[in-house]
Amino acid sequence: MLDYIIKGGMVVTAGGVCQTDIAVAKEKIAALGEASVLGEAVEIIDASGKYVLPGLIDPHVHIAAPFMGCTGPLDFYSASKAAALGGVTSIIDFTNTQPGDSVLQKIEERKSEMRNAAIDYGVHAKIVEATEEILGEIKGMVKAGCPTLKMFTTYRKAGVMIPDEDILRVMLEAKKWGARPGVHAEDNAISEYNDEQFEKQGKTDWKYHYLSKPPVAEGLATAKMIYYAKFTGTELYIFHVTCREALKSIIDAQEEGYPIIGETCLHYLNLTKEVMDDYNTGFRYICSPPLRDKEDNKALWEGLKKGNLRVVSSDNCLYDDKEKTGFLKKDTSGNYIHDYKKIANGVSGLEERLSVLMTEGVGTGRISLEQLSEITSTNPAKIFGMYPKKGVIQPGSDADLVLVDPEAAGILSAETLHYGIDSSIYEGKKVKGLPVLTMRRGEIIAKDGKFLAKPGTGEFLHRSLR
Ligand code: DUC
Ligand code: ZN
Ligand code: ZN
């Protein structure tokens, strides 16, 4: 007996979009075809008029991760609610590594923090130094199912910037064991220099955040990392590409045949830096790298369409207003003294990704429905070593699915989203094409705006790149 037949939907399969029915049994997709020949099921789900996509994978989130003295309002269960209601069935977060830490130990710590998740979860290993001990652990990271690494070329003062020569050591060791380096690419010298200058000049308003971290800083660090990858012969994953400078380096390297993989995030496609000029609300948009210009938005959409950028993640790193402004001083009248350096960096996106991409991507013709499915699910599954268990609707794959009603419309706001905070960077945004049912490994975890999953029902994603 099957658990479900999902009937009558337009299904994004590996072979294209077609109308087919889907049989689900024992957490897996059992078969595709006409319902009449699939067999008996406990429940029939009517998907007529809906799109059926592979469950979204968000390979870049920061949940309950200490950063700039803040941790955000979410734990892995409340994050699962926002995720499930946004059509997301798997996430990958990061270890919280500091110098001197064993990364293997940090993987175990992170896994246990993630245990109450109701969606499936993986861990990227954050590497902040290349001591003999850490290099010796890379083989173990691969064995532990965490073969994807993140290094930072900035955040020196927070202790996570890795020295250049250590980057080379990590790359070479990663190559040996089947791990893949990834990078947060922003030049530290430029931003620290700007911070110093702005401090001296009393320029501390929100907009100096984006002015301190200009596109050239990202372009420079991206180009450097690509040269390092060429030198060491490694693949390289570039997290959150935001600007034309960085994208150009990526395209050039790809055209030369180098395996450089680019990711961008929802906010870099849809928002521009001017939102940070608002005196009262600009701080909400402080994230790193910062928001850019309309021309950058356009270039990123083109990069996605052409396949130079293969993933749209959320980089969800959410704080409410109170936490974001928690380190600001007040003047004698009780007003905040603006200082961009004291604002925790990060924005939301976990829940909004599908509806905003449906609206701004598929709805405008910038990308096709198949491309949306690739950049949010199939490509992350392939790139991060989970395919074909995840990222595809075909027999034998996990029954991770999202039903999208292309006609359903809504308005994004703190009220309609499920982060439990009182503001949204997408406040008032009209969206069309909403998730109406999310299934994770054969269990309906969200339906018609209700979250249905129990804590701890998510599973660790033991990933392998080979
Ligand atoms: N950038 C952010 O905006 N938040 C989390 C970490 C990062 O690098
Ligand atoms: Zn980053
Ligand atoms: Zn991030």
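Below you will find a few notes about this structure. Since the structure is predicted, the reported quantities are computational estimates derived from the model, not experimental observations. (Residues numbered from 1 in each chain as written. Chains lettered and ligands numbered in written order. Predicted model: local features only at pLDDT ≥ 70, side-chain atom pairs only at ≥ 80, totals over all residues. Heavy atoms only, no water.)

Some points on the overall build of the chain
Step number 1: Helices and strands together make up the secondary structure of the chain, namely 14 helices and 19 strands.
Step number 2: Across the 466 residues in the chain, those meeting the buried criterion constitute 60%.
Step number 3: About 18000 Å² of surface is accessible on the chain, with carbon and sulfur atoms providing 51% of the total.
Step number 4: In the chain, 56 positive and 65 negative side-chain charges are present, and the distance between their average locations comes to 1 Å. (Helix = DSSP H or I, 4+ residues; strand = E, 2+ residues; numbered from the N terminus. Buried < 20%, exposed > 50% of the residue type's maximum accessible area, 1.4 Å probe, protein only. Areas by Shrake-Rupley, 256 points an atom, 1.4 Å probe, with all protein chains shown as cover. Lys, Arg positive; Asp, Glu negative; His and termini not counted. Charge placed at Lys NZ, Arg CZ, Asp CG, Glu CD.)

So, the site of ligand 1
Step number 1: In the region of ligand 1, the neighbouring residues are His 62, Phe 67, Tyr 155, His 184, Cys 287, Ser 288, Cys 317, Asn 345 and Gly 346.
Step number 2: Here a nitrogen atom of ligand 1 and a backbone polar atom of Ser 288 are 2.8 Å apart.
Step number 3: Between an oxygen atom of ligand 1 and a main-chain N or O atom of Gly 346, the distance comes to 3.5 Å.
Step number 4: Of the residues contributing to the shell around ligand 1, the split by class is four nonpolar, five polar and no charged. (Near = heavy atom within 4 Å. Polar contact = N/O pair within 3.5 Å; in protein donor to acceptor, adjacent residues only side chain to side chain. Nonpolar A, V, L, I, M, F, W, Y, C, P; charged D, E, K, R; others polar.)

Remarks on the side chain of Glu 218
Step number 1: Position of Glu 218 relative to the elements: it lies in helix H8 (residues 215–232).
Step number 2: Separated by 2.4 Å, the side chains of Glu 218 and Thr 242 make a polar contact.
Step number 3: Residue contacts for Glu 218: discarding those within four places in its chain leaves Ala 185, Glu 186, His 240, Val 241, Thr 242, Cys 243, Ala 246, Pro 289 and Arg 292. (Contact = heavy atoms within 4.5 Å.)

Structural notes on the coordination of the zinc ion (ligand 2)
Step number 1: Bound to the zinc ion (ligand 2) on the protein side are Lys 150 (NZ), His 184 (ND1) and His 240 (NE2), at distances that span 2.1 to 2.3 Å.
Step number 2: Here the donor residues of the zinc ion (ligand 2) are spaced in sequence according to K-x33-H-x55-H. (Donors = N, O, S within 2.8 Å, 3.2 Å for Na, K, Ca; no water.)

Focus on the coordination of the zinc ion (ligand 3)
Step number 1: Coordination of the zinc ion (ligand 3) by the protein comes from His 60 (NE2), His 62 (NE2) and Asp 315 (OD), over a distance range of 2.0 to 2.2 Å.
Step number 2: In this structure, the zinc ion (ligand 3) is positioned 3.4 Å from the zinc ion (ligand 2). Within this pair, whereas His 62 is found in the loop between strand E8 (56–58) and helix H2 (76–85), its partner Asp 315 is found in the loop between strand E15 (309–313) and helix H12 (321–324), the two being separated by 253 residues in sequence. With respect to burial, His 62 and Asp 315 carry one shared label: buried.

Thoughts on the pairing of strand E2 (residues 10–13)
Step number 1: Two strands pair when backbone bridges link them, and E2 and strand E3 (residues 16–19) are joined in this way by four bridges, in the antiparallel orientation. Its bridge partner lying in E3, Val 11 is registered against Cys 18.
Step number 2: In sequence, E2 turns back onto E3 through a hairpin of two residues.
Step number 3: As defined by bridge partners, E2 adjoins strand E7 (residues 51–54) across two bridges and the pair is classed as parallel. Within the sheet, the bridge partner assigned to Met 10 lies in E7 and is Tyr 51. (Pairing = 2+ DSSP bridges.)

Details of the nonpolar core
In summary, soluble globular proteins display a tendency toward joint burial of nonpolar side chains.
Step number 1: In terms of nonpolar packing, the biggest core is built from 105 residues, with Ile 127, Met 141, Leu 149, Val 170, Leu 236 and Leu 350 touching the most fellow members.
Step number 2: Residue contributions to this core peak at six residues, all from H2.
Step number 3: Split by domain, this core shows at least three residues from each of two domains, domain 1 (2–53 + 397–407 + 429–451) and domain 2 (55–383).
Step number 4: Those residues in contact with Met 141, other than ones at most four positions away along the chain, are Val 103, Leu 104, Ile 107, Ala 125, Ile 127, Ile 134, Cys 146, Pro 147 and Leu 149.
Step number 5: Of all hydrophobic cores here, the second largest spans 17 residues; its members include Ile 22, Ile 45, Ala 47 and Leu 401. (Core = buried A, V, L, I, M, F, W, Y, C linked by side-chain atoms within 4.5 Å. Domains from an automatic or database assignment.)

So, the sheet that holds strand E5 (residues 28–33)
Step number 1: Taken together, four strands build an open sheet; the order of strands is E5-E4-E1-E6 and the sheet is mixed. Of all the strands in the sheet, the pair left with one neighbour each is E5 and strand E6 (41–46). Strand-to-strand twist across the sheet, computed as the mean angle between neighbouring axes with direction ignored, equals 20°.
Step number 2: With five bridges connecting them, strand E4 (residues 21–25) and E5 associate as antiparallel partners. Within E5, the residue paired with Val 24 across the bridge is Ile 29. (Axes fitted to C-alpha atoms, helices over the stretch in contact; angles between N-to-C directions.)

Quick look at the packing of aromatic side chains
Step number 1: A full pass over the atoms with the stated rule returns nine aromatic pairs.
Step number 2: Between Tyr 237 and Phe 239 the ring centres are 4.8 Å apart and the planes differ by 75°, which places this aromatic pair in the edge-to-face class. The two residues Tyr 237 and Phe 239 agree in class, both being buried.
Step number 3: Taken together, Phe 94, Tyr 237, Phe 239 and Phe 384 form an aromatic cluster joined through their ring pairs.
Step number 4: For Lys 111, the ring lying beneath its charged end belongs to Phe 460, and the centroid distance is 4.1 Å. (Phe/Tyr/Trp six-rings, centres within 6.5 Å; stacked < 30°, edge-to-face > 60°. Lys NZ or Arg CZ within 6 Å of the ring centre and 35° of its normal.)

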